[in-house]
Structures are given as structure tokens and as C-alpha cells.
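Survey of secondary and tertiary structure
Here are the chains, one letter per residue:
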Amino acid sequence: MDPRSDCLEFFNPATGQKFGEVRVTTEEEVRRARLELAAAQVEWGEKSVRERARLVKKLQSVILDATDEITAVVNQDHGKSRLDALHEVFMTVEKIHHYTAQAPKWLARERVPRGLYFFKRFYADRVPYGVVGIIGPWNYPIDLMIPPIVSALLAGNTVMVKPSEVAAATGVLLESLFDRVPELARYVRFLHGGAAVGQALVHSKPDLLFLTGSVKTGQIVAKMAAEDMTPFMYELGGKDAMLVLEDADVAAAARWGVWGAFYSTGQACVSVERVYVNEKVYDAFVAAVLEETAKFSVGYSPEIDNPNWMGPLTFDRQCNIVSDHLDDALAKGARVLIGGKMTGMFCEPTVLVDVDHTMKIMRDETFGPMMPIMKVRDDAEAIRLANDSDTGLSAYVWSHDLGHAERVAAKLDVGVVNINDVVAHYSVAHLPFGGVKLSGNTRTHGRGEVTQFTRQKAYSISRPPNAIDPVIWIRYPGNYRLLKAMMGGTYGTTLKQRVAPVGEFLSHQEQVRATAARTAAGMGLLAAVSALVMMLLRARRPG
């Protein structure tokens, strides 16, 4: 963007041609959007979940009608194929379909076990935060933006959306899609621009912030959010490892490992970024990888039928990161077996060997078509190296023996493990997705993606305290033995723990009579004890 201009320009990374622009949102417009959405949220939040789902469902219909339009814009904005763009649209539509159907159940009032309170009812409701600020990524701007926006809306929030300036044309398209559902559009506001607009959004003090982006961006936003104690959820990057065990199907691991490394030009948070191969199958695996990599064609086409497997990198900064990681690895002794050349924004699919953990390409997220392969002695070394990372998003394990694979998977410090495949787990609409360590603190996909945009509000409901309720008796002084009997009789783990305190309580007849006379309004000892026993039996039942 020209710093003298108030417009954000759109350039096709494959051709370098400008194809549009959008006016940058001002700081004052951000503040005004925050205030207007706060007012609108009251109305939106009062609608039933079913009504909100009905309106969101209209967006699903709009997206389906606009499928070819969407893939064409993403193709221009990113250089990725129309097919890769369609993958995004498919996953987005699937999530909306499931979320709108399930939201009334996911957001319903939950009854809470009453414990020892015989005459009370307890509930927990899920209520919206208010105004949610969503800062989106550039690499999958359809699937990584529409589902969280929709989830926040279903939960009863209004939403401020800041699309990535790298995917500015797609951000404008998203705004257009929401505008095509007028009943929904007034509860969502798009804020276009670069870092200054993102900062203005954070400083507007939304009730909740949600970010998908790099670790570096997440750390910057976290510091700004902390100034106002704004709740902050984030899904950041990864350095996803693939482990090829000694009993793996080497041909399948090579074929799909290559696809997982180079799909979308390696610009996916679930891309295969590093590979650890058991020494017994290392040579065969590397040979198979080279054979598969040679099949990967690189190029750009705006047509629906595109023969190329890979397009360009999306913007200059990403090209610089990929080049830096490659140069660092070569300087430290790595070898390129195939690929390694970059022409403009296009980078060849590249396979490296003789790599180690002193190299950036094995430790930092590359986000490009690089496949570094490292030989390991055994499972233990593969697991240790896979876990030697500040991030922990996904991992991939290959083995003919599923039990063996699961045992290894259980030891990997990541959010998701995919056995005998790559990337596919992300496309499952109900499978929780998210990472550990610096990869994030949230989960998307399924119930959790919707409920994370709510707070729980609890209710305790009853008529005024009842004199025959034993729990009320313990509010009075002198009832230590009574409370001890209730605790032991209800929660004792042995027969002695359950019986002894009750016996101690019953042995003090005068205290029992005094308690019964004072609190049961003339009720006899037998009736009081009966009420206590009934309460204890009821409280011991689960649920």
C-alpha cells in the first residue's frame, strides 16, 4: 500500500497485476463501529438461538450461490488454484450446515446437580460476551474467517472483523457475502487495512478478541490486549512433524507426505514442515519422496481446470522467510536433493537432507514448499525431536501397526495427531482442532468453536429456605456433628466413614431434639432423621 494513499491495493501474486483496491478504515470508524455493534448486540442477543441459526443459514445459501465468484477472487488474491479455493468453500459450508443445526442444543441451558440442596434447582446458561473482535489470517481467509464469525453470531455476539491486508480482496468479498443477507449484515462490521487498523480494533476494547495468525502476531496482540485485560483467544502457527516408523507403508508415507508438505505451496498451518524417518526405511523413503516430488508441477491459471499442483507464494515477506530458512540450512550443511530455486513468487518444491535442529528450517515455521528429512535411530529419538519445538499444532505418524502408531501418537505434545494420513483431520467439521504451547489456547471445529464465544452464567433457584431442609439446619451454631454426619453419610468412601459420623450425631439425643424443635417446627425426631436420610440418599445419586 502506498503510505500516501488511504487505499489498500490488490495485486495478483502470480502475475503482479493490480486488480482492485479498498479504502482503509479510519481509527474513528473503528471506534464508531464498536459503539454501534454494542448497541446492536442487545437486539441480536435477545433473539432465540433458533432464530439466529435461521438467519445464519441464509449465509450458507449465499455462499453456495457465489461459489465460482469466491474461488475466482481467492485465485487472484492468493494465486492458489480454483480447486484449492473450493476446498475452503466446501469446509466452510459444511461447518455452517452443522453449526446451525446443532447450536440450539450446544447453547441450551444446562441443569447442574443440586448436591445437598434438596429444595433448590441449579442451572448454567451460555451467554454472549458482547462485541467480539476477530483478526483473520491471509492463507485461508474463507475457512479461517467465516466459521469463527458465524460461531460468534450464533452465540449471540456482534462481530468486528479485521481481514488480513495480504488477503484484502478476499476481505472485501467476505463483506459483500454478509451484505447479501441484510438481516445479518447489521451485526457484522468489516474493518479494512493493515496493522494500524488491527491496533485500533484492539484498543477499541472489544469484549473478546479472537486471532488466527503467526506466533509473532499473536504475541503482539496479546501484549496490547493485556493492557485492558481483554479476553484473548488465539490459534497460531505450527511446525508440524511427520514420523515415519520402521513398519510404515513407505510408498504411501512418501506420496502423501509430499502432498502434505507442498499442498497450497506449503502455506498451511497443518503443512508437513519436518520429517523424521527411521534409519531402516530412510533410503527407501527418500527415494520415494524424490519420485513423488518430481511429479509436482508449479504454475498459475485462473481457470477452473488447472493442471498445476502448486501456485506461487502469496507475498514478498513469505518469499523472504522461505529463502532465509533455505539459505540458513545450506550454510549449516544441509543438501538439496530436488528443487531449491525461486523465480519471482514461484518456488520449486524442495527436499532437503542432512538437516538438524540447529537450522531454522527444523525449528521455525517456514510456511513454504520445503520438506526437510532427518534420519533417526528409533521411535524414542523421533518422539524427542518431534517434541523439541516451541509449537505443538499437529503431527503425523505412519505405521502398518495401528497400535504401534497410537502408542507413539500418545507421546507427541500436540493438539492433533493424524495416523497414516496428513492434513485430513482439519477438514472434519466436528473434530476439535487447535494446538498446545505457542500454537494456541483455543479449539475450533464443532461444539467448542461455538461455545468458546460464550460465558457461563449460573443460576440458583428456589423459594425461601425451608425449615425442614437439613442443609438449612447447619447454618445455625452448634451443628458441627450434623454437618459431619451429612458429609460422611453422603461422601464417605468406606462403610466406617459413612456410618460412624451418623452414629456420633444420633448419640447426642438432646442436641438432636433441640435441633428438631428449633428447625422442624414441632416435627418429631424420627421425621427429622428420615428427612436427613432421604436427602443423603438423593445426594449420593450421580447427576
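Since the model is a prediction, treat every value here as computed from it, not as a measurement. (Residues numbered from 1 in each chain as written. Predicted model: local features only at pLDDT ≥ 70, side-chain atom pairs only at ≥ 80, totals over all residues. Heavy atoms only, no water.)

Moving on, we come to the overall build of the protein. Helices and strands together make up the secondary structure of the protein, namely 21 helices and 21 strands. If one aligns the C-alpha atoms of the protein with their principal axes, the spans along those axes are about 95 × 60 × 40 Å. The burial tally for the protein puts 53% of its 543 residues in the buried class. For the protein, the proportion of contacts with a sequence separation of at least 24, taken over those separated by at least 6, is 70%. Looking at the protein as shown, the accessible area adds up to about 23800 Å², and 55% of this sits on carbon and sulfur atoms. Put simply, the protein has 61 plus and 62 minus side-chain charges, and the middle of one group is 14 Å from the middle of the other. (Helix = DSSP H or I, 4+ residues; strand = E, 2+ residues; numbered from the N terminus. Buried < 20%, exposed > 50% of the residue type's maximum accessible area, 1.4 Å probe, protein only. Contact = heavy atoms within 4.5 Å. Areas by Shrake-Rupley, 256 points an atom, 1.4 Å probe, with all protein chains shown as cover. Lys, Arg positive; Asp, Glu negative; His and termini not counted. Charge placed at Lys NZ, Arg CZ, Asp CG, Glu CD.)

Bringing unusual backbone geometry into the picture now. Even without a glycine there, the phi angle at Asp-354 is positive, about 55°. Following the sequence through the fold, Asp-354 ends up in the loop between strand S15 (350–353) and helix H13 (360–363). On the basis of relative accessibility, which here comes to 40%, the residue Asp-354 falls in the partly exposed class. Even without being a glycine, Lys-437 presents a positive backbone phi close to 55°. Within the secondary structure, Lys-437 sits in strand S20 (residues 436–437).

On the basis of which strands lie adjacent, the open sheet formed by 5 strands has the order S7-S6-S5-S8-S9 and parallel pairing. With partners counted over all chains shown, the strands left at the sheet margins are strand S7 (188–190) and strand S9 (232–235), one partner each. Taking each pair of neighbouring strands and ignoring which way they run, the sheet shows an average axis angle of 15°. (Pairing = 2+ DSSP bridges. Axes fitted to C-alpha atoms, helices over the stretch in contact; angles between N-to-C directions.)

Counted according to the given criterion, the structure contains 31 salt bridges. Measuring nitrogen to oxygen at the nearest pair gives 2.9 Å for the salt bridge that ties Glu-43 to Arg-186. Of this pair, Glu-43 sits in helix H1 (residues 27–46) while Arg-186 is found in the loop between helix H7 (182–185) and S7, placing the two residues 143 residues apart along the sequence. Taking relative accessible area as the criterion, Arg-186 reaches 42% and is therefore assigned partly exposed. (Salt bridge = Lys/Arg side-chain N within 4 Å of Asp/Glu carboxyl O.)

Examined against the element boundaries, Ser-81 turns out to sit in the loop between helix H3 (67–78) and helix H4 (82–106). Residues within four places of Ser-81 in sequence aside, it is in contact with Asn-75 and Asn-306.

So, on to the side chain of Ser-151. Residue position: Ser-151 is located in helix H5 (residues 146–154). Ser-151 gets classed as buried once you look at its relative accessible area, which sits at 0%.

Considering all chains together, one arrives at 0 disulfides under this definition. In this model Cys-319 remains outside any disulfide bridge; the closest cysteine sulfur is found in Cys-347, 7.8 Å from its own. With relative accessibility at 5%, the residue Cys-319 sits in the buried group. According to the relative accessible area criterion, Cys-347 is buried, its value standing at 2%. (Disulfide = S-S within 2.5 Å.)

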